[in-house]
Amino acid sequence: MKVIFVLIAALTASVAAAQKTVMTLEGAIALAADSSLESFRSKNVYMSSYWEYRTFKAGRLPSLTLYLTPGQYNRRIVQRYDSEQNVDVYRPQKTFISSGELSVVQNFDMLGGTFFLNSNLDYMRNFGDNVYTQYNSVPVRIGYQQNLIGYNAFKWEKAIEPLKYERAKKQLIYDIENTASLSAGYFFSLAMAQAEYDLAVENVHNTDTLYLIGEERYKIAAISQSDLLTLKLDRVNAVNSLKNAEISLKRSMFAMTSFLNMDKDTPIRLTLPSYPKSMEISVEKALDETRANNPELIGYKQNILERQQAVDRAKKEAMFNASFSASFGYNQAAGTIADVYSDPQRQDIVSLSISIPLVDWGVRRGRLNMAKNNLNVTEITARQGEVKIEEDVIMTVGDFNIQKDLIASAEEAFSLAEDAYAKTRQRFMIGKVDLSALTLSRQRQQEARRNYISALENYWLSYFKIRKLTLYDFEYDMPVSNTVETLILKNFRTKD
């Protein structure tokens, strides 16, 4: 008997000393969004998409580039024409060349062309028998170039890139909601383990007390020897159950701290959440928010646009191509840098080039047909995906509304079972009920507690799944992005 008391005291003290940090479901979710490895991964994936979008936006602005060749020395034998002898001859040549160009380029999305403005200066020094220095300058030159019939990549980028970035933002929020759902799973797994441990501790105390009472009642022949042995067996089983419950509790706590990226030795004590008793979720509202916010549906739109882009490109490349380039400006050549900018001469360049595929053995047509087929497959896949997501939303909302009723019943059953067990135990101690009635009442009370925790878990997991699919907070009737951007996106300090 003394050994059992010592064991009970040691087990209770060890776990009680370890359980110091109180954590709510809301706190666990907030910590996961801030510190978990899942959250870190989601943030970095978002940042990659963010900088990709910033690069796209920067590509729509004028770019200023300086090209320099500080020095280039050539010593070689070159072929030259000798006009006096009317023959080509080989002559040694030694030159030093230096050049620089300042260029401004602006893409024109509507037509797919490019405006450019540049200025350059070239310097050449010739060594050998004929030593001379020459400068060549283009003070200013402005022009425009583009394909007349060809594929316009700028137009498609302007349509696709903002959609990609919008998907990335929604995906970040979706991933955060998924992290919240995972957090809830770990939370209730640990909550159940803690409840089982608490039940095991309570059972040890109760069975020991009941055994002591049973011994006294056996002495006065109030119970049989069989009942006394049953009480003793219950006490032994309760101690063994306590050991197993402690092992399960440690495992669940380790899983929770690992997911939250906490110190593995951090003690946690969970507080069970309540639930909004008046919250209603409409299937129509959930479907509307899903169509507007779900990143997978946005991804389907992006995929279709990209396939349409491929079709357009293949169609344009199957035709003949014509490109146009025009520029005008000034240039001059002189022996000194002062003269090279004096009295510049007009420079006009206009170019039109055409390429016509004559024989390619059906390569271009094959590429076009392949692009069209890929577009058809993508459209069908997108439609199938949309139907699947809508079905998932409808079923999840239906499950949630059922869980709301089930949790209310489980809560009521738990309260009734607690009262019933307390009264039955009191009546057993004064000899009003037998051992079987007490055991049955205790089993019902323990089962009601487990059912209540399971009902809470099912309720909150269903709710978080709806939030993940719709990216909408039905409890506060607002998009999830409103709270997530405050919690997460502000850390990036970025501007769209």
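Residues numbered from 1 in each chain as written. Predicted model: local features only at pLDDT ≥ 70, side-chain atom pairs only at ≥ 80, totals over all residues. Heavy atoms only, no water.

**Some words on the overall build of the protein**
The cut-off we apply is this: Secondary structure follows DSSP: runs of H or I at least 4 residues long count as helices, runs of E at least 2 residues long count as strands, and numbering of each begins at the N terminus. Restricting the calculation to C-alpha atoms gives the radius of gyration, and the globule rule supplies 2.2 Å times the number of residues raised to the power 0.38. By definition in these notes, contact holds between two residues if any of their heavy atoms fall within 4.5 Å. For this count, His and the chain ends are skipped, Lys and Arg are scored as positive, and Asp and Glu as negative. Where a charge sits is defined by one atom per residue type, namely NZ (Lys), CZ (Arg), CG (Asp) or CD (Glu).
Counting its secondary structure elements, the protein contains ten helices and ten strands. The C-alpha radius of gyration of the protein comes to 40 Å, more than 25% above the 23 Å expected for a compact globule of 496 residues. Along the first, second and third principal axes, the C-alpha atoms of the protein reach 145 × 50 × 45 Å. Taking contacts inside the protein between residues at least 6 apart in sequence as the whole, the part at least 24 apart equals 76%. The average position of the 59 basic charges and that of the 58 acidic charges among the side chains of the protein differ by 3 Å.

**Notes on the confidence of the model for the protein**
Detailed reading of the predicted model is not advised wherever pLDDT is low. Here is the rule: Note: pLDDT gives the predictor's confidence per residue, expressed from 0 to 100.
Scored by pLDDT, the protein comes out at a mean of 84, with 93% of its residues at no less than 70. No element of the protein has a lower mean pLDDT than helix α1 (residues 2-18), which averages 42, and none a higher one than helix α6 (residues 283-293), which averages 92. Long-range and interchain partners of residues 1-19, a stretch whose pLDDT sits below 50, account for 27 contacts in this model, where long-range means more than four residues apart. Segment residues 492-496 is flagged for pLDDT under 50; beyond a separation of four residues in sequence, or across chains, it makes ten contacts in the model.

**Notes on the sheet that holds strand β3 (residues 87-108)**
Formally: Note on pairing: two strands pair once DSSP finds at least 2 bridges between them. Convention adopted: a line fitted to C-alpha atoms gives each axis, helices being fitted over their contacting stretch, and angles between N-to-C directions are expressed from 0 to 180 degrees.
Strand order in the open sheet formed by six strands is β2-β3-β4-β5-β7-β8, with antiparallel pairing between adjacent strands. Two strands lie at the open edges of the sheet, namely β2 (63-82) and β8 (345-355), each paired on one side alone. Adjacent strand axes in the sheet meet at a mean angle of 20° when their direction is disregarded. Bridging between strand β7 (residues 321-334) and β8 involves eleven bridges; their strand directions are antiparallel. The partner of N321 across the bridge, within β8, is S355.

**Structural notes on the packing of aromatic side chains**
To be explicit about the condition: For Phe, Tyr and Trp, where Trp contributes only its six-membered ring, two rings pair if their centres lie within 6.5 Å, and the inter-plane angle classes them as stacked under 30 degrees, edge-to-face over 60, or tilted in between. Buried, partly exposed and exposed residues are distinguished by accessible area as a fraction of the type maximum, computed with a 1.4 Å probe on protein chains only: under 20%, between the cut-offs, and over 50%, respectively.
Under the defined criterion, the tally for this structure stands at 21 aromatic pairs. For the ring pair Y123 and Y135, a centre distance of 5.1 Å and an interplane angle of 50° mean the geometry is tilted. One end of the pair, Y123, is in strand β4 (residues 113-127); the other, Y135, is in strand β5 (residues 132-147), with twelve residues separating them in the sequence. Ring geometry for F400 and Y463: centres 5.9 Å apart, planes at 40°, overall tilted. A residue pair is termed long-range when its members are at least 10 positions apart, and F400 in helix α8 (residues 363-429) and Y463 in helix α9 (residues 435-470) qualify at 63 residues. Here the two residues F400 and Y463 agree in accessibility, since each one is buried.

**Some remarks on the pattern of salt bridges**
Where we set the bar: For salt bridges, the criterion is a side-chain nitrogen of Lys or Arg within 4 Å of an Asp or Glu carboxyl oxygen.
In the structure shown here, the tally under the stated rule is 23 salt bridges. Across the salt bridge formed by E52 and K164, the nearest N and O atoms sit 2.7 Å from each other. Of the two residues, E52 is situated in helix α3 (residues 37-59) and K164 in helix α4 (residues 153-219); the sequence distance between them amounts to 112 residues. The salt bridge involving D473 is made with R467; its shortest N-O contact spans 3.0 Å. With respect to burial, D473 and R467 carry one shared label: buried. Each of E52, E161 and K164 takes part in salt bridges that share partners, so that together they form one network.

**Examining α6**
Note the cut-off: Regarding the arc, it is the one traced by the directions from the helix axis to the C-beta atoms.
Buried within α6 are the following residues: A286, L287, E289, T290 and N293. Viewed along the axis of α6, the buried residues span an arc of 165°, placing them on a single side of the element.

**Some details on unusual backbone geometry**
You will see that N261, though not glycine, has its phi angle at about 60°, which is positive. When you line up the elements, N261 lands in the loop between α5 (225-259) and β6 (268-271). The phi torsion at D477 lies on the positive side, around 55°, for a residue other than glycine. Inspection of the secondary structure puts D477 in the loop between β9 (472-473) and β10 (478-479). Among the residues examined, D477 registers a relative accessible area of 52% and is labelled exposed.

**What about the pairing of β7?**
Side-chain positions along a regular strand alternate between the two faces of the sheet. Note that β5 and β7 share eleven bridges and pair antiparallel. Residue pairing across strands places Q145 opposite S325, the latter belonging to β7.

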